Amino acid sequence: MSEGLFLTLEGIDGAGKSSHLDAMEALFRAQGRTVVRTREPGGTPLAETLRGLILEQPMDPLTESLLVFAARRDHVAQVIEPALARGDVVLSDRFTDATFAYQGAGRGFDAEVLSTLERWVQGRAGPSGAARQQMLQPHITLWFDLAPEIAAQRLAGARLPDKFESQPVEFFRRVAAGYAARAAADAQRFVRIDASQARDQVWQQVETALVARGAFAPVSGAAR
Ligand code: TYD
C-alpha cells in the first residue's frame, strides 16, 4: 500500500485555488489513488456546523481561533488521520496555514497562542506514547499567491461575500504577508504558485510542482 499523502491548497480569497481541485483529484485517481477531498473550516458534520458560525458571525479573534481549531480537531481525528492511515490522498482546501494567515496576520492574533493550539490539535503521540512531539503537517502545500488588488477584482460581484471576503484590501495584504512568512519558514513543504497567470498556466505550475515533489509520475497530455 502506498503511504498516505496530505496535500493542502492555500491563498487569499479570490486567488483561484479551488478551481484546480477537480483536475488534481482526477490526476491522482488516474494513478490509482483513492482521494479524500475535503476543506477547512469543515470536512465533518460538526466542523461544517462550526464553519457556518465562523464565516457568518462576528466574534473576537480568540473565539474565532478556538472555533477554527475545534473544527480542525474533529476533521483531523475523524477524516484526515484515518485517510492517511489507509494510504489515501487527502486533498484539503485550506488547513492551519490559513489560521496563521487570517487569524494571525490578518486579525493580528497572537501567533504563539496559535502555535500552541496547533501542537494540541496536530500533535501525535511519540513512540513512547508520552510526549505529543510529532505534528501532523501537510506533505505539500500549494500556495496560490496573488496580489490582493487583483484578487479583489476577481471576487467582485462573484457572489454574496462572507465575513472574510467582505474585508478591505488592507486585510488581505496582511493575510498575504502571513502566507509569505509561513512559506518562508517552511520552504520544504510550500510550493508558491504564481496565481496571476492565466488559468491554464496556473494549472501547468500545479502539475509541474506535484511531479517535482514526487506526488505522482509525469502525465502525458492535458488533464483538462
Ligand atoms: P474558502 O476556503 O475561501 O471557501 P469558499 O471558496 O467556499 O469561500 O473560505 C473559507 C474562509 O475561511 C476564507 O475566507 C478563509 C477563512 N479561514 C480562516 O479565517 N481561518 C482558517 O483557519 C481557515 C481554514 C479559513
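Look up: the structure comes first, before these words.
A. Molecular detail of the pattern of salt bridges. For the coordinates displayed, the defined rule picks out 18 salt bridges. Of the charged contacts in the structure, one is a salt bridge between E25 and R37, with a shortest N-O distance of 2.7 Å. Separated by 12 residues along the polypeptide, E25 in helix 1 (residues 21-30) and R37 in strand 2 (residues 35-39) bring together distant segments of the chain. As a salt-bridge pair, R72 and E40 come within 2.6 Å of each other at their nearest N and O atoms. In this pair, R72 sits in helix 3 (residues 61-86) while E40 sits in the loop between strand 2 and helix 2 (45-56), placing the two residues 32 residues apart along the sequence. Side by side, R72 and E40 carry an identical accessibility label, which is buried. Shared partners join several salt bridges into a network, and the residues in it are D97, E118, R182, D186 and R189.

B. Quick look at the sheet that holds strand 1 (residues 5-11). Reading across the sheet, the five strands line up as 2-3-1-6-7 and stay open at both edges, with parallel pairing between neighbours. Each edge of the sheet is formed by a strand with only one pairing partner; in this case those strands are strand 2 and strand 7 (190-194). For this sheet the average axis-to-axis angle between neighbouring strands, irrespective of direction, equals 20 degrees. Pairing of strand 6 (residues 140-145) with strand 7, which is carried by five bridges, proceeds in the parallel orientation.

C. Main features of the site of the ligand. Residues in contact with the ligand amount to 17 residues; listed here are only the nearest, D13, R94, T99, Q103 and R159. In this structure, R94 approaches the ligand through a side-chain N or O atom, which is 2.7 Å from an oxygen atom. Between the ligand and E165, the relevant distance is 3.1 Å, taken from an oxygen atom to a side-chain nitrogen or oxygen of the residue. Within the complex, the protein chains bury 91% of what would otherwise be the 550 Å² of accessible surface of the ligand. Put simply, the parts of the chain that give the shell around the ligand at least two residues each are helix 2, helix 3 and helix 4 (96-106). A breakdown of the residues in the shell around the ligand according to their chemical character gives seven nonpolar, two polar and eight charged.

D. Here's a closer look at the side chain of T38. Among the structural elements, T38 can be located in strand 2. Within the structure, T38 has its side chain in polar contact with the side chain of H75 (distance 2.7 Å).

E. Quick peek at helix 5 (residues 111-122). Taking 1.5 Å of rise per residue, 12 residues should cover 16 Å, and helix 5 covers 16 Å from first to last C-alpha, within 8% of that figure. Considered for burial, the residues of helix 5 that qualify are L114, S115, L117, E118, V121 and Q122. Projected down its long axis, helix 5 shows its buried positions confined to an angular sector of 165 degrees, all on one face. Exposed side of helix 5, more than 90 degrees from the buried face: E112 and W120 are the residues found there. Turning to helix 5, the residues buried within the fold contact helix 3, helix 4, strand 4 (123-124), strand 5 (134-135) and helix 7 (169-185).

F. Spotlight on the side chain of R182. Inspection of the secondary structure puts R182 in helix 7. A relative accessible area of 16% means that R182 is categorised as buried.

G. Fine view of the layout of surface pockets. Quantified by volume, the largest pocket comes out at close to 680 Å³. Lining the largest pocket are 30 residues, and of these D13, K17, R94, R159 and E165 sit closest to its centre. Counting only elements with at least two residues in the lining of the largest pocket, the list comes to helix 2, helix 3, helix 4 and helix 6 (148-155). The element that contributes the greatest number of residues to the lining of the largest pocket is helix 4, accounting for four residues. In the lining of the largest pocket, the residues fall into 13 nonpolar, five polar and 12 charged. Roughly 160 Å³ of volume is contained in the second largest pocket. Residue lining of the second largest pocket: 16 residues in total, with A151, A152, L155, A156 and E165 positioned closest to the centre. Going through the elements one at a time, helix 6 and helix 7 are the ones with two or more residues in the lining of the second largest pocket. If one sorts the elements of the lining of the second largest pocket by residue count, helix 6 sits on top with four residues. For the lining of the second largest pocket, the residue count by class is 11 nonpolar, two polar and three charged.

Thresholds, definitions, all that
All chains use their own residue numbering, which begins from 1 and follows the written sequence. Local features in this predicted model are restricted to residues of pLDDT 70 or higher, and side-chain atom pairs are both shown and tallied only at a pLDDT of 80 or more, whereas totals for entire chains, interfaces and linings draw on every residue. Just so you know, side-chain values use all the structure's heavy atoms and leave hydrogens and water out. When a carboxyl oxygen of Asp or Glu is within 4 Å of a side-chain nitrogen of Lys or Arg, the pair counts as a salt bridge. Labels follow the DSSP assignment, with helices taken as runs of H or I lasting at least four residues and strands as runs of E lasting at least two, numbered in each case from the N terminus. Relative accessible area decides the class of each residue, using a 1.4 Å probe on protein chains only: under 20% of the type maximum gives buried, over 50% gives exposed, and in between gives partly exposed. Two strands qualify as a pair provided that DSSP identifies no fewer than 2 bridges between them. An axis is simply a line fitted to the C-alpha atoms; with a helix, the fit covers only the stretch in contact. Between two such axes, the angle follows the N-to-C directions and lies from 0 to 180 degrees. Residue proximity to a molecule or strand is established when one non-hydrogen atom of the residue lies within 4 Å of it. Two N or O atoms count as a polar contact when they lie within 3.5 Å, although within protein this holds only if one can serve as hydrogen donor and the other as acceptor, and sequence-adjacent residues are included solely when both atoms are side-chain atoms. Surface accessibility in these figures is a Shrake-Rupley result with a 1.4 Å probe; residues are shielded only by whichever protein chains are displayed. Classification convention: Asp, Glu, Lys, Arg as charged; Ala, Val, Leu, Ile, Met, Phe, Trp, Tyr, Cys, Pro as nonpolar; all other residues, Gly among them, as polar. Given a helix with a known number of residues, its expected span is that number minus one, times 1.5 Å. In this description, one arc is meant: the one made by directions from the helix axis to the C-beta atoms. The criterion used for residue contact is that any of the two residues' heavy atoms lie within 4.5 Å. Cavity and pocket criteria rest on a 1 Å grid covering protein atoms alone: a 1.4 Å probe that fits but cannot get out defines a cavity, protein on both sides within 12 Å along at least 5 of 7 lines defines an open pocket, and an atom within 4 Å of a point defines a lining residue. Grid points are joined across faces, edges and corners, and a volume is the space filled by probe spheres set on the points.

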